[in-house]
Amino acid sequence: MTAPAKVSLLARLGGWVRAGFEGIGRGARFVRETLRAVPDTATWWPHASMHARVLGVDSIPIGIFIALFTGIVLAMLADYSVGDLVPPYFVGTLVQKTITMELAPVLTGLALAGRVGANIAAEIGTMKVTEQVDALETLAYDPYAYLVVPRVLAVTLMFPVVVGAAMVVGVISGWLAALWLVDVSTVQFFKGVRLFFTEFDVRYGLVKSASFGTAVSLIGCYAGLDARGGAQGVGGAATRAVVLSAVMILVLDAFWALVWLTGRTLQ
Amino acid sequence: MSGKQRVNDAVVGLAVLTVTVVVIAAVLWLNQTSIGDTSDKLYARLRDVGGVGVGNEVVIRGVKSGRVDQIALGDSGWVVVRLALNDNAPIPSDPVVLFASSSLFGEWQVTVLSADGLPKDRELRDAVDAARGAGDTLPGALLPDIAQLTAVAGRIAGDVAEVADRVRIAFDDDAAREMRSTIRSLADLSDELQTTVRKQSQNLDVVGADVQRGVKDLSQAAALIDSVARRVDASTNRGEIALIVSTVQAASQELLAAAGQLRTLSVDVGRTQVQLERAVANADSVFTKMNRGDGTFGLLVNDASLYRNSDSAVVELRTLLADIRANPRRYFNLRVF
């Protein structure tokens, strides 16, 4: 390899590192600006309920739909896995633990990352490329307070609501599947559900889902505000928002497991 | 506030409220939390609650009668547990509380039972006795769970393994060979003993048969004797014995006379023997002389020419007799007158 080629490779590597740190820095700056805009309630409060409805309430059917089938599959999978080795009421235990602590938050989060993240990124991106954001600034509106904060707060609030509904539906569908498809009685199923149930299970899932909502909405807003060019830029922003949101959901899932489950044992 | 915004607010509020209420209700139901609780409260104290947690079942005589309501650390190393019993749940007399694992899968339960029903385990009873004396607080104790039992079993298994190692060291190849040799010798000895026993058994069978036969003979003899005795008895009764005795007396007298005659005869025989000896001696002397050729007989016996002459004389005599028969007139001339 010639000396100029080596220099070029090193320069490219340095460019990647610098771009990475720039991304982190821009993201940190974005979060800081968002936090700074939170006290401006007069700007974001009137729009929060509308975003909560569009991004949250309208997403509840998606969460319920996912949880419905997840509960059925989990009940049958639990029965298949435990077989005759352990008492049948452990089907209830497995369904409850898996739904409340993992699948309801993560699957719903991933589904909403597509719906909500893409929605936010496309909407704000369109405003950005059509210079509506610039117009807001011209009118002395803080785009963070007007566009970002209500969406982030609405999604952060509504994600646990959607996930909570998914938890309830998932356990109920698992119960019905156990009752009709697996031949586990209601008493046995709920004995298993209660056996190792603690309110921590629900708290863990809801807090995790709130963090997912925050991440998805922040990434969506960031991608939208970062959109460049025309419609192509908006599409790219939506795609980036979905991909980054999905990755961030999985990263946060591992993060919460490390923070809350390390060294914690079930009694 | 516009109408659309109000609708949004209402919808969001309704959704949030509904989901929140449902989730909270589900959590309370799964935790078996009762609102407006009217259950009876019992307190128990013990040193360690093991795996028992809030919400675990409380059973009385095997029937679910409540749940663990609260667990708190107490003074002097005690743990105080509050039990929420169902209304009118019957409390046994002299109640004690046992905390125990109810299955191999991590389930725990609390049992309220009478002190008389405690397992006969000294340490358990000591633990219950130590927990007494706290007023209305019931004494409690923790039964070891499967993990502790497994640990004890593990220690026992270790000890057994150590003993097995020692046995393995002591029982080396030489010991095994000697053991095999001993076993083989024992087998041979056993065979010999078996043979001997079989033979002795056969002998014993024979002896037994002989004894049986002897006993039978004895029995028959006894029967015969009995019969004879009966006959004797009968004979005695009919006077036959007296007749026999008199007959025997006569016979003995005749025998006595015969003996006298035999004695006389023997004297005569002795005398005849002397005469015979003498005759034999004389004959012996005569024969001796004859053998020597003394006298007429000696010559006759020992001289062959005399024999031949006699034989020719006999032949001539026969010829003469034949001639006489054939020609009697030659020799006899019979005249009457």
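Residues numbered from 1 in each chain as written. Chains lettered and ligands numbered in written order. Predicted model: local features only at pLDDT ≥ 70, side-chain atom pairs only at ≥ 80, totals over all residues.

A. Region of interest: the overall build of chain B. Within chain B, the regular secondary structure consists of eight helices and seven strands. Here chain B holds 337 residues, and 12% of them are scored as buried. Restricting to contacts in chain B with at least 6 residues of sequence separation, those with at least 24 account for 52%. (Helix = DSSP H or I, 4+ residues; strand = E, 2+ residues; numbered from the N terminus. Buried ≥ 20, exposed ≤ 12 C-beta atoms within 10 Å, placed from the backbone. Contact = placed C-beta atoms within 7 Å.)

B. Up close: the overall build of chain A. Scanning chain A for helices and strands turns up nine helices and zero strands. Order of helices (α) and strands (β) in chain A, N terminus to C terminus: α-α-α-α-α-α-α-α-α. Relative to its full complement of 267 residues, chain A shows a buried share of 49%. The contacts in chain A between residues at least 6 apart in sequence include a share of 89% that link residues at least 24 apart.

C. Local environment of the packing of helix α6 (residues 143-182) of chain A against helix α1 (residues 3-30) of chain B. Remark: α6 of chain A packs on α1 of chain B, axes separated minimally by 9 Å, with the N-to-C direction vectors making an angle of 45°. Regarding the angle of α6 of chain A to α1 of chain B, the classification is oblique. Once α6 of chain A is placed against α1 of chain B, the crossing between them reads as left-handed. Taken together, the residues of α1 of chain B that come into contact with α6 of chain A (itself represented by Val161, Gly164, Ala165, Met167 and Val168 of chain A) are Ala15, Val16, Val19, Val22, Val23 and Ala26 of chain B. The class makeup of the residues in the contact of α6 of chain A with α1 of chain B is 10 nonpolar, one polar and no charged. (Axes fitted to C-alpha atoms, helices over the stretch in contact; angles between N-to-C directions. Parallel < 35°, antiparallel > 145°, perpendicular 65-115°, else oblique. Left-handed = near helix turned anticlockwise from the far one by under 90°. Nonpolar A, V, L, I, M, F, W, Y, C, P; charged D, E, K, R; others polar.)

D. A look at the interface of chain A and chain B. In this complex, chain A contributes 22 residues to the contact, which on the side of chain B involves 19 residues. When residues of the side of chain A that touches chain B are traced back to their parent elements, those giving at least two are α2 (41-56), α6, α7 (186-195) and α8 (199-225) of chain A. No other element matches the six residues that α2 of chain A contributes to the side of chain A that touches chain B. The class makeup of the residues in the side of chain A that touches chain B is 15 nonpolar, four polar and three charged.

E. Geometry of the sheet that holds strand β7 (residues 138-142) of chain B. Residues and elements named next belong to chain B. Taking strand neighbours around the barrel as the criterion, the seven strands line up as β1-β4-β3-β2-β6-β5-β7 in a closed arrangement whose pairing is mixed. Taking the axes of each pair of neighbouring strands and ignoring which way they run, one obtains an average angle of 35° across the sheet. Two elements, strand β5 (residues 95-101) and β7, share three bridges in a ladder whose sense is parallel. Residue Val97 lies in a different strand from β7, and its bridge partner there is Gly140. (Pairing = 2+ DSSP bridges.)

F. Molecular detail of the packing of helix α1 (residues 3-37) of chain A against α6 of chain A. Residues and elements named next belong to chain A. Across the interface, α1 lies against α6 with an axial gap of 9 Å and an inter-helix angle of 95°. Between α1 and α6, the angle is such that the two are roughly perpendicular. Every residue of α6 that contacts α1 at Glu33, Thr34 and Ala37 is listed here: Tyr144, Ala145, Val148, Val149 and Val152. Here the contact of α1 with α6 is built from residues that sort into six nonpolar, one polar and one charged.

G. Spatial organisation of the pairing of strand β1 (residues 40-46) of chain B. As paired strands, β1 of chain B and strand β4 (residues 79-85) of chain B are joined by seven bridges and run antiparallel to one another. What sits directly across from Ala44 of chain B, in β4 of chain B, is Val81 of chain B.

H. Fine view of the pairing of strand β3 (residues 63-73) of chain B. Residues and elements named next belong to chain B. Both strand β2 (residues 57-60) and β3 contribute to a ladder of four bridges, which runs antiparallel. Bridge assignment links Glu57 to a residue of β3, and that residue is Arg67. Hairpin connection of β2 to β3: two residues between the antiparallel strands, including Arg61 at a positive phi of 50°. As defined by bridge partners, β3 adjoins β4 across seven bridges and the pair is classed as antiparallel. Bridge pairing in β4 links Ile71 to Val81.

I. Looking closely at the environment of Ala37 of chain A. Residue and element names in this part refer to chain A. For Ala37, the location among the structural elements is in helix α1. Residue Ala37 is classed as buried on the basis of its 21 C-beta neighbours within 10 Å. Non-local contacts of Ala37, meaning those with residues more than four positions away in its chain, are made with Asp142, Tyr144, Ala145, Val148 and Val149.

J. Quick peek at the nonpolar core. In terms of nonpolar packing, the biggest core is built from 88 residues, with Val91 and Ala241 of chain A touching the most fellow members. If you list the elements that add at least two residues to this core, you get α2, α3 (60-82), α4 (90-129), α6, α7, α8 and α9 (231-261) of chain A together with α1 of chain B. For Ala241 of chain A, the residues in contact, after removing those within four places along its chain, are Gly117, Ala118, Ile120, Ala121, Ile219, Gly220 and Ala223 of chain A. Counting 23 residues, the second largest nonpolar core, distinct from the first, contains Val49, Leu83, Ala84 and Ala127 of chain B. (Core = buried A, V, L, I, M, F, W, Y, C linked by C-beta atoms within 7 Å.)

K. Structural context of α6 of chain A. All names here are of chain A. Of all bends in α6, the biggest is about 30°, found at Val149, and the proline Pro150 comes one to four residues later. Here α6 lies mainly inside the structure; 33 of its 40 residues are buried. Directly beyond the C-terminal end of α6, a positive phi value near 65° is found at Asp183. (Bend = angle between axes of the 7 residues up to and from the residue.)

L. Summary view of α1 of chain B. Between its first and last C-alpha, α1 of chain B extends 40 Å over 28 residues, near the 40 Å set by a 1.5 Å rise per residue. For α1 of chain B, the complete set of buried residues consists of Asn8, Val12, Ala15, Val19, Val23 and Leu30 of chain B. Looking at the buried side of α1 of chain B, the elements it contacts are α2, α3, α6, α7 and α8 of chain A. (Expected span 1.5 Å × (residues − 1).)

M. Looking closely at unusual backbone geometry. All names here are of chain B. The backbone of Arg61 shows a phi angle near 50°, a positive value even though the residue is not glycine. Along the chain, the position of Arg61 falls in the loop between β2 and β3. Classification of Arg61 as exposed rests on a count of 12 C-beta atoms within 10 Å. Of note, the phi angle at Ser76 is positive, near 55°, even though the residue is not glycine. Position of Ser76 among the secondary structure elements: in the loop between β3 and β4.

N. Just the confidence of the model for chain B, in detail. Counting all residues, the mean pLDDT for chain B is 81, and 93% of those residues have values of 70 or more. In the model output, the complex is listed with pTM 0.59 alongside ipTM 0.81. (pLDDT = per-residue confidence, 0-100.)

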